Structure formats: structure tokens, C-alpha cells
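Descriptive analysis of the structure
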Number of protein chains: 2
Amino acid sequence: MIREHRFTFGKFVSQVHLRKELPQMDGIFPDEPGSPVFRSILICDTHTEAIALSIKQNHDIPLCVLSGGEAAKGWPAVERILAAAKKGGLGRDGLFIAVGGGVVSDLSAFGASVFMRGCKLCIVSTTLLGMVDAALGGKTGFDLFGIKNLAGTFYPARHIYLPLDTLTTLPREEWKSGMAELIKTALLGGGEMEKALRVLGAAFSRGDLLPEHEELLFELVSASVKIKGRIVEADPQETGTERALLNWGHTFAHALESSAGLGNISHGEAVAWGLVRSCELGHHIGITPKERALEITDLVRSFGYEITTPHPKMGDKKNFIKALWGDKKQKAGKLRFVIPAVQGVQIIQDDLIEDRFLQSLINGEYAL
Amino acid sequence: MIREHRFTFGKFVSQVHLRKELPQMDGIFPDEPGSPVFRSILICDTHTEAIALSIKQNHDIPLCVLSGGEAAKGWPAVERILAAAKKGGLGRDGLFIAVGGGVVSDLSAFGASVFMRGCKLCIVSTTLLGMVDAALGGKTGFDLFGIKNLAGTFYPARHIYLPLDTLTTLPREEWKSGMAELIKTALLGGGEMEKALRVLGAAFSRGDLLPEHEELLFELVSASVKIKGRIVEADPQETGTERALLNWGHTFAHALESSAGLGNISHGEAVAWGLVRSCELGHHIGITPKERALEITDLVRSFGYEITTPHPKMGDKKNFIKALWGDKKQKAGKLRFVIPAVQGVQIIQDDLIEDRFLQSLINGEYAL
């Protein structure tokens, strides 16, 4: 099973290599004549160190091991990466190779984008969330002053490896963290993809996901990469509205993550919960038919997500509302919601929504 | 006296407004309907705080005052800028207004390039070095691990104001810091520009620079902006060789700055010294005619620069050589020198130069 995708994001080209196996150091950056090993660093976290070592083999490449987890996604981690690159004698033609999930790839990609004003970047994504979301599309960043990705750049990786084998040892929590983005993208894709996802969801709720469904997962990840890639190609830097589609469920999710406290809830859990809220909101304003809202809610539930509201991890509801409007302030007074429609989705602005309704929705007083 | 220049650097457009007076807050970002004051921050240092306040007038805009000087050009200053932007409630459509010389504009521009993955940027340049070099061309950055601009981005400002009035109170050291870049650009421009520079140099060595020569300076800054802008347009991200022309004198200068210790010698002093070394090197390898080498050396000297070698601030000569080859290592084994030729300049690679000659040149054993 090998699938290759190629995308153009503005002046950048990203090549995605989806396969079972890990890439090896020789040939990890095929554009270049000769081996890149003498001017590369490998960046991983404590969870992916073994994987990074297996890619490195016996090459003499500096290895930068980060602590891992959202809590470690700050400037000190970026500084460690830059220090490793400096110590390794990398120049502007140096290659940063990130081995890990979204945190490692976001941090490494940010580091690569600013080291000597930009060097080469390759991402080996080892989590489902990384594969279907973080690794592709060029968003880099780190958390600052308690705000997720307050600092960041757009810097797509030249090569992105998605070695599905690394998922077999992923803890159930990590699966759930990534699956919500896969659900979101599959729903955007519709048709066959949504059908395949239902099969996977049924397997998931029975607890017999692997290895029978490996091929199904392979196809779903591939389709998801393609959908996300095409959307980002149309709007690489999120200046238009195309890329906003990828934020389906995220307006609610970001507020939930913020009120729960950074790191207390996985991004996937928050997105799954946000998808269900978007169905309720859509139904309330007459855009989402009841059957469609229930269909999506059932699909999300089949993957074992907590979908009730208020979410048990929400904390103070006032903080949630504050975070929701804080997001609004950051976006110059406009909150956008992606809402499922009869066909596909619609993007609506918050002037359609009364505060009172949002309040009742969060309190769980709205029933489909 | 008003002069406007407009440049396109890849996907960015920079507009340069050269005039006598400071800009005012209303209308500082003319692209936008209405006033930008409610989503802006002003960034300055202790030297330019009064200027920033005069731009701000009685608008309610957060002011972020940095310590100033190369020693303050690190991550903590960037973090202060980002904190001010966050506290000010700026979003992705927020505007960073830098008021100061190269350090303030490099730091602010870096901050603007990473805040929420990029917001708006305007630079009010208040030093000669800023006007003829740092403010234009999109290079942002800060020092890390003792390396100048080890971290940075390409992020051209949308609007760049060059209010010449701010130069009248500039200390002599600051003049010298900027004049070397102006000399370099005027020599690249040649012809009328070089002639005008000679007149200015003669005035400078007599110590009667202003106000008689204000108009001359205005024309020189304008021509310099135009030359730099055109060169950067041809090679915005320094991937080709065009932009390397702007590095005339800089290979030597960077090594001198490094061996002298960051902040112990101004960039201009180092560049002026480097220009003279490039003449000697060019003469040695038969590219620079003796008369041309002497002409340039005299011109540099007329502005009062220390041009003897070893430079009194050089420190240990071994460190200088190490820094020179360190630069080489960073650039994948190639050191480039810009060398004056019969007409214009040539770029040569280091394989033309014996180490032994470089050594004798640094020791002052080479006479034109």
C-alpha cells in the first residue's frame, strides 16, 4: 500500500507519502542529489524517540528529544530545536526532520521556518491527528500566554511521510484525538468516504478496529489528505473562506479547550463535541435537517466521544462563553460557524445567532 | 520634499514614503477604510519613545517600549512585543507599528510575522541605517546563541515611513552606523549617486553636514531605497545571487562583528572596514584596478571610518578567521565576496583566494 499526493500551496510544494513503513534516512529528501544526512537534525519527543532512532539508523545526525505533550509546546521547546540546529552546524540549506504528532511537527516546522530565515523541512507523522491534520497545510506554531498557537508561521513541509504502521501502537486516547478531524474531513468529502467512516465507526464501537480495517483506514487517511490538501491549495494562508471549512466544529472546540484549560482535553474530543454543537445550532436556525443532524451525531458517538453538554471537562460555563467571544474579538468582531446543510456545509456568521440561544445550547437545554 | 516608492517582493507590496515630517496615526495605513487606531500597537525603544508618542498623539494605543541596542535584540524583546499585542486585543487584522532603527524594526517585523501567523506591519524608520537598509526588504530577525539574526523571517512591511527630520538629532555614531550602507548602495548605483556621495563625504569630513546638505541627503536616501528595492524585487528571499550584491563588504564585516563581540562595533563601522578589505582583495586577484580601489578607500575614509587593519576592535585575529570560515560553513562551504571591478562589481567565490593571502590582508601586510 503506497499512495502519493502532491500539493501546491502558494510558492511551496508539499509531497505526501502515505505507506505502511517508516521512511529511512537515505532518500528521505529525494529532491537532493546525494544524502542529506550531514546537514540534518531529527526532532522527536519522548514517545517517538525509538521511531526517530529507527529512521536515523547508524547515521551521525543530531537528535533533539522534546518533552512531548501540549504543555511542552512553548518557546523553550523551539529554542531547544534551534540550539540543536546551531550545534549541528546547519546552514540555510539544512534539513529539519520532525518525527512525531502535531506538537512535534508544529514546533519543528516553526523552528525550520525561522532558522536562518527558513531551512528545509520534512515531517514524519506518527499519530492519526498528525496524519489527517497537523502535518499537512503549512500551519506551524507554539502556545504563548496560554493561547494555542499564538505565535506561528505558514511553512509547508517539502516532504510528509505518513507511515501507518506507527498507528498500531497508538493509545486509544491518541486515536480519539485524531479521529474527530478524520470524521470532520470525511463529512466534508461525503459519499463513499462517509460510508467508509460508518463502517469504521461500527468497528470502533465494537472495539475490533485493527487489523481487519487497516485497508479501510488507509483509504480514509488518503482521501482525507486529498480533501484537506485541495482546500488548503485554494486558500493557503486562510485569507479567504475556503480554509474556514476545515474549522468545522472548531469555534466551539477552541472555546471548550480554553475553558477546560490547555492540555486538559484533547483537540479531537473538543472537535467531536463541537461538531455535534454545530448540528444543534444548524437545526435551530433552520439550515440542518433534523435527520442529518442526528446522522452526524450518531456517527460522532460511534467513536466513543463525549457529546453531551455542558461537557464534563468544560469547567466554568462563563469562561467558555468568554472564550467564545474572545475568539470573536480576535477575528475582528466576526465569529464564523460551519454548519451542515441539506447538501454539504454552509458558513454562517454570528449575527444570525442570539446569545440567549447559545446559552441554552451550552446548558444542554436544546434537544434535536 | 516628498518621494514615494513602491516595490513588489513576491506576494508582498511595500510602499516607501520618504519625507521630512513624521507620519500621524490617522492615515498611517492608508489602504484601510477608517482609522486603524483601535487595533494597533506602537513599538519603540527608549530612544524613540518621544517620537512614538508624537505619532500616537492622544489616541488610545498600547505603546511597547523596548530597551534598545543590539544587546536587547533577543527573544525576550519579541515576547514583550507579542505580549503587548495580546494585551491590546489585536487579531490577525491587527497592525504593528515599529518606530525606531534597525533593532526595533527587525524585532517588530518578526513579531508581526508570527503573531497569529502574521498580521499587518508598518515601519517608521528613525535612523539612517534603518532608512537605507533595515526597514526595506523584508528581513526580520533577532539574535540567538550569540549569532546575529539566527532566527528570522521574510516579512516586508506594507508601509515604510522615512521621516528625515528624525535624523537631525541623531548622534554622530548613529550617522556612521548608517552611512556605510549608503556608501555601499551609492557605489552600486554609480554615476550621479557616487558624485553626490563625494560631495557629502567632503562636507562630512569638514564637519558641516547639516542643514546645507539636507536636499543632497534626501536624494541619496531616495536613490538608495530605489536601488535596494529593485535588487530585492529580483530576489526577494535571497535564493539567487542578485541580493548578494547588497552584501558587499559584509563577509568581512560579519566576521569582524563576531570577533569584536556583538554590540561592540556598529554594523556600519564593520561594513565600511569590509568595503576597504574587498578593494584590497579585488586588487590582489586582479579584478579591481588600483585607482578604483584607492577611490573607494578615500571615499570611505572621508566619512571618518577606521579603515586600518587589523581593526582596533577586532580582538583575537584567530577568532576573526574562525568567524569568517564559520560563515562559510553556514553557507554550505561557499564564501562569496563582492568585489569592485572596472565597471560595477563582481561576485567571486572563495576558491579563488588562498588562506595565506587572507591572513596577510587581515594583518595589514597588503598595501594597495
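By convention here, each chain's residues receive numbers from 1 onward along its written sequence. The order in which chains are written sets their letters, starting at A; the order in which ligands are written sets their numbers, starting at 1. Since the coordinates come from a predicted model, pLDDT governs what is reported: local features require at least 70, and pairs of side-chain atoms require 80 or more to be given and counted, while whole-chain, interface and lining totals use all residues. Just so you know, side-chain values use all the structure's heavy atoms and leave hydrogens and water out.

1. Some words on the interface of chain B and chain A
Any pair of residues with heavy atoms lying within 4.5 Å of one another is described as a contacting pair. At the junction of the two partners, chain B supplies 35 residues and chain A supplies 35 residues. Buried area: the accessible area, evaluated with a 1.4 Å probe, that two parts lose upon being put together, summed over both parts. When chain B packs against chain A, close to 3,100 Å² is buried across both sides, 58% of that on carbon and sulfur atoms. Note on definitions: salt bridges are taken to be side-chain nitrogens of Lys or Arg within 4 Å of carboxyl oxygens of Asp or Glu. For the pair chain B and chain A, the interface holds 2 salt bridges. Where E238 of chain B meets R92 of chain A, a salt bridge forms, and the shortest distance between an N and an O atom there is 3.7 Å. For the purposes of these results, a polar contact is taken to be a pair of N or O atoms within 3.5 Å, where, inside protein, one atom must be able to donate a hydrogen and its partner to accept one; residues adjacent in sequence count only when each atom of the pair is a side-chain atom. In this structure, the connection of chain B to chain A is made through 12 residue pairs in polar contact (both at pLDDT 80 or more). Taken together, the elements giving at least two residues each to the side of chain B that touches chain A come down to α2 (75–87), α3 (102–114), β7 (142–144), β8 (147–151) and α11 (317–330) of chain B. Labels follow the DSSP assignment, with helices taken as runs of H or I lasting at least four residues and strands as runs of E lasting at least two, numbered in each case from the N terminus. Ranked by residue count, the leading element in the side of chain B that touches chain A is α2 of chain B, at 5 residues. Residues are sorted three ways: Asp, Glu, Lys and Arg are charged, Ala, Val, Leu, Ile, Met, Phe, Trp, Tyr, Cys and Pro are nonpolar, and all the rest, Gly among them, are polar. Of the residues assigned to the side of chain B that touches chain A, the class counts are 16 nonpolar, 10 polar and 9 charged.

2. A short note on the pattern of salt bridges
Pairs may arise between side chains of opposite charge once their charged atoms sit close together. All names here are of chain A. Per the stated rule, a full pass over the model turns up 38 salt bridges over all chains. With a shortest N-O distance of 2.8 Å, E219 and R3 are connected by a salt bridge. Note that E219 is positioned in helix α7 (residues 214–234) and R3 in strand β1 (residues 2–9), a separation of 216 residues in sequence. Note that K228 is salt-bridged to D133, the shortest N-O span being 3.0 Å. Residue K228 is found in helix α7, and its partner D133 is found in helix α4 (residues 128–134); the two are separated by 95 residues along the sequence. Comparing K228 with D133, the two get one shared label, buried. Each of E194, R198, R292 and E295 takes part in one network of salt bridges that share partners. Residue burial is assigned from relative accessible area. The probe radius is 1.4 Å, only protein chains are included, and a residue is buried under 20% of its type maximum, exposed over 50%, and partly exposed in between.

3. With respect to the relation of the copies chain B and chain A
Note on the chain copies: they are related by a rotation about an axis and a translation along it. When chain B is brought onto chain A, the operation consists of a screw motion whose angular component is 180 degrees and whose axial shift is 0.0 Å, with 0.0 Å RMSD remaining. Seen this way, the second copy is the image of the first under a two-fold rotation axis. Same-surface contact between copies: 100% of interface residues of chain B are shared with the interface of chain A. The fit set for superposing copies consists of C-alpha atoms from residues with pLDDT of at least 70 in both; the fit itself is least squares.

4. Topic: the packing of helix α6 (residues 191–206) of chain A against helix α10 (residues 290–302) of chain A
Residues and elements named next belong to chain A. Here the axes come from fitting lines to C-alpha atoms, over the contacting stretch only for helices, and the angles between their N-to-C directions go from 0 to 180 degrees. At a closest axis distance of 8 Å, the pairing of α6 and α10 adopts a crossing angle of 45 degrees. Between α6 and α10, the angle is such that the two are oblique. Each of E194, L197, R198, G201, F204 and S205 in α6 lies in contact with α10, whose residues at this interface are R292, E295, L299 and S302. Classifying every residue of the contact of α6 with α10 by side-chain character gives 3 nonpolar, 3 polar and 4 charged. Working rule for angles: under 35 degrees goes down as roughly parallel, over 145 as roughly antiparallel, 65 to 115 as roughly perpendicular, anything else as oblique.

5. Considering unusual backbone geometry
Here T309 of chain A and P310 of chain A are connected by a cis peptide whose omega angle stands at -5 degrees. Residue placement: P310 of chain A occurs in the loop between α10 and α11 (317–330). The backbone of F145 of chain A shows a phi angle near 55 degrees, a positive value even though the residue is not glycine. With respect to the helices and strands, F145 of chain A occurs in the loop between β7 (142–144) and β8 (147–151). A residue is classified by how much of its surface remains accessible, and F145 of chain A, at 32% relative accessible area, is partly exposed. Here the phi dihedral of R117 of chain B falls at roughly 65 degrees; this positive angle occurs in a residue that is not glycine. Relative to the assigned elements, R117 of chain B resides in the loop between α3 and β6 (120–125).

6. A few points about the side chain of T153 of chain A
All names here are of chain A. Position of T153 relative to the elements: it lies in the loop between β8 and β9 (159–163). Looking at T153, the relative accessible area reads 7%, which means it is buried. Among the polar contacts listed, one links the side chain of T153 to the side chain of S113, at a separation of 2.8 Å. Side-chain polar atoms of T153 contact the side chain of T140, separated by 2.6 Å.

7. Quick word on the packing of aromatic side chains
All names here are of chain A. To pair, rings of Phe, Tyr and Trp, with the six-membered ring standing in for Trp, must have centres within 6.5 Å; the planes then decide the type, stacked if under 30 degrees apart, edge-to-face if over 60, and tilted in the middle. The final tally for this structure, using the stated rule, is 21 aromatic pairs over all chains. Taken together, a centroid distance of 5.3 Å and an interplanar angle of 55 degrees make the contact between F204 and F303 tilted. Residue F204 is found in helix α6, and its partner F303 is found in the loop between α10 and α11; the two are separated by 99 residues along the sequence. Comparing F204 with F303 shows no difference in burial state: the two are buried. Between F252 and F337, the ring centres sit 5.1 Å apart and the planes meet at 45 degrees, which makes this aromatic pair tilted. Of this pair, F252 sits in helix α8 (residues 250–260) while F337 sits in strand β10 (residues 336–340); the two residues are 85 residues apart in sequence, bridging distant segments of the chain.

8. Quick word on the sheet that holds strand β4 (residues 63–66) of chain B
Residues and elements named next belong to chain B. Judged by pairing direction, the sheet is mixed, and its 7 strands sit side by side in the order β1-β2-β9-β6-β5-β3-β4 without closing on themselves. The open sheet has two free edges, formed respectively by β1 (2–9) and β4, since each of these has just one partner strand. Each strand of the sheet is rotated relative to its neighbour by a mean of 15 degrees, with strand direction disregarded. Where helix α7 (residues 214–234) meets the sheet, it contacts β1, β2 (12–19) and β9 (159–163), and its direction lies at approximately 10 degrees from that of β1. Between any two strands, at least two bridges found by DSSP are needed for them to pair.

9. A few points about the side chain of S360 of chain A
Residues and elements named next belong to chain A. Its location among the elements puts S360 in helix α12 (residues 355–362). Its relative accessible area of 18% is what places S360 among the buried residues. The residues touching S360, leaving out its near neighbours within four places in the chain, are E365 and Y366.

Interpretation note: all reported values are geometric properties and have no functional meaning in isolation.
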